[in-house]
Amino acid sequence: RCYREYPLDWIERHLRKSGLNVVQSRTYPIRYDHSTMVRQINVGRSKLKLFPTKGMAAEMGKVLDDLEKESLEVTRKQADGRITLGYDYVVVAERPVDSD
């Protein structure tokens with residue numbers, strides 16, 4: 001499966017290097033609401049026990065708490081409660097037609 005964190009230009013360049021024709025690329029904005037961001041923040045919270053010291057974990061916990069508050073403030077200001085950050089993409093490529 002394609003690993004979506006490869007940059008779009010890298011994907012297109014490597015498709016062409018492989019002999020494929022890039023037919024079309026399209027990007028789709030990624031929209032985040034507060035609950036989506038909190039799920040990701042909670043992933044960070046689940047890793048606090050892995051920090052080398054309790055003090056460091058406590059400080060990172062404060063940072064995560066602040067991020068959660070900030071995400072709520074930012075999303076509440078949006079008409080639909082979501083922010084746009086980054087994009088996903090789809091690339092259509094095809095093998096060249098043989099000219100025999």
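Residues numbered from 1 in each chain as written. Predicted model: local features only at pLDDT ≥ 70, side-chain atom pairs only at ≥ 80, totals over all residues. Heavy atoms only, no water.

Engineer: Is there a simple way to think about the overall build of the protein in this case?
Structural biologist: On a plain count of helices and strands, the protein comes out with three helices and two strands. Overall, the protein shows an N-to-C arrangement of helices and strands of α-β-α-α-β. In summary, the protein has a C-alpha radius of gyration of 20 Å against a globular reference of 13 Å for 100 residues, an excess of more than 25%. C-alpha extents for the protein along the principal axes are approximately 70 × 40 × 15 Å. Residue burial in the protein is summarised as follows: out of 100 residues, 16% are buried. The contacts in the protein between residues at least 6 apart in sequence include a share of 78% that link residues at least 24 apart. Looking at the protein as shown, the accessible area adds up to about 8100 Å², and 54% of this sits on carbon and sulfur atoms. The distance from the centre of the 18 positive side-chain charges to the centre of the 15 negative ones in the protein is 5 Å. (Helix = DSSP H or I, 4+ residues; strand = E, 2+ residues; numbered from the N terminus. Rg over C-alpha atoms; globule rule 2.2 N^0.38 Å. Buried < 20%, exposed > 50% of the residue type's maximum accessible area, 1.4 Å probe, protein only. Contact = heavy atoms within 4.5 Å. Areas by Shrake-Rupley, 256 points an atom, 1.4 Å probe, with all protein chains shown as cover. Lys, Arg positive; Asp, Glu negative; His and termini not counted. Charge placed at Lys NZ, Arg CZ, Asp CG, Glu CD.)

Engineer: Help me understand the confidence of the model for the protein, please; the structure alone is not making it clear to me.
Structural biologist: When pLDDT is low, close inspection of the predicted coordinates is not appropriate. Looking at the protein as a whole, its pLDDT mean stands at 94, while 94% of the residues score no less than 70. Looking over the protein, one finds the lowest element-wise mean pLDDT in strand β2 (residues 82–94), namely 95, and the highest in helix α3 (residues 54–76), namely 98. (pLDDT = per-residue confidence, 0-100.)

Engineer: Can you help me understand the side chain of T75 in this one?
Structural biologist: Mapping T75 onto the fold places it in helix α3. Owing to a relative accessible area of 4%, T75 belongs among the buried residues under this scheme. A distance of 3.2 Å separates a polar side-chain atom of T75 from the backbone oxygen of L72. Excluding anything up to four places from it in sequence, T75 contacts Y32, D33, H34, M37, G81, R82 and I83. (Polar contact = N/O pair within 3.5 Å; in protein donor to acceptor, adjacent residues only side chain to side chain.)

Engineer: In this structure, what is going on with a nonpolar patch on the surface? I would like to understand it.
Structural biologist: A contiguous nonpolar patch, built from V23, Y28, V90 and V92 and spanning about 330 Å² of accessible area, is present on the exposed surface. At the level of elements, β1 (21–33) and β2 are the ones that each hand at least two residues to the nonpolar patch. Positionally, V92 belongs in strand β2. (Patch = residues over 30% accessible without salt bridge, like charges linked within 9 Å, V, L, I, M, F, W, Y side chains within 5 Å. Salt bridge = Lys/Arg side-chain N within 4 Å of Asp/Glu carboxyl O.)

Engineer: Which parts of the structure should I look at to understand the environment of S46?
Structural biologist: For S46, the position within the fold is in helix α2 (residues 34–46). For the pair formed by S46 and D80, sequence separation is 34 residues and the distance between their alpha carbons is 29 Å.

Engineer: Which parts of the structure should I look at to understand the pattern of salt bridges?
Structural biologist: A side chain of one charge can pair with a side chain of the opposite charge if their charged atoms are brought near each other. The full count for this structure, using the stated rule, is six salt bridges. For E59, the salt bridge identified is with K62, shortest N-O distance 3.1 Å. Placement of the pair is E59 and K62 together in helix α3, with a separation of three residues, close to one helical turn. Between R82 and D80 there is a salt bridge; the shortest N-O distance is 3.5 Å. Accessibility expressed as a relative area gives 42% for D80, which makes it partly exposed. The network of salt bridges with shared partners includes R31, D80 and R82.

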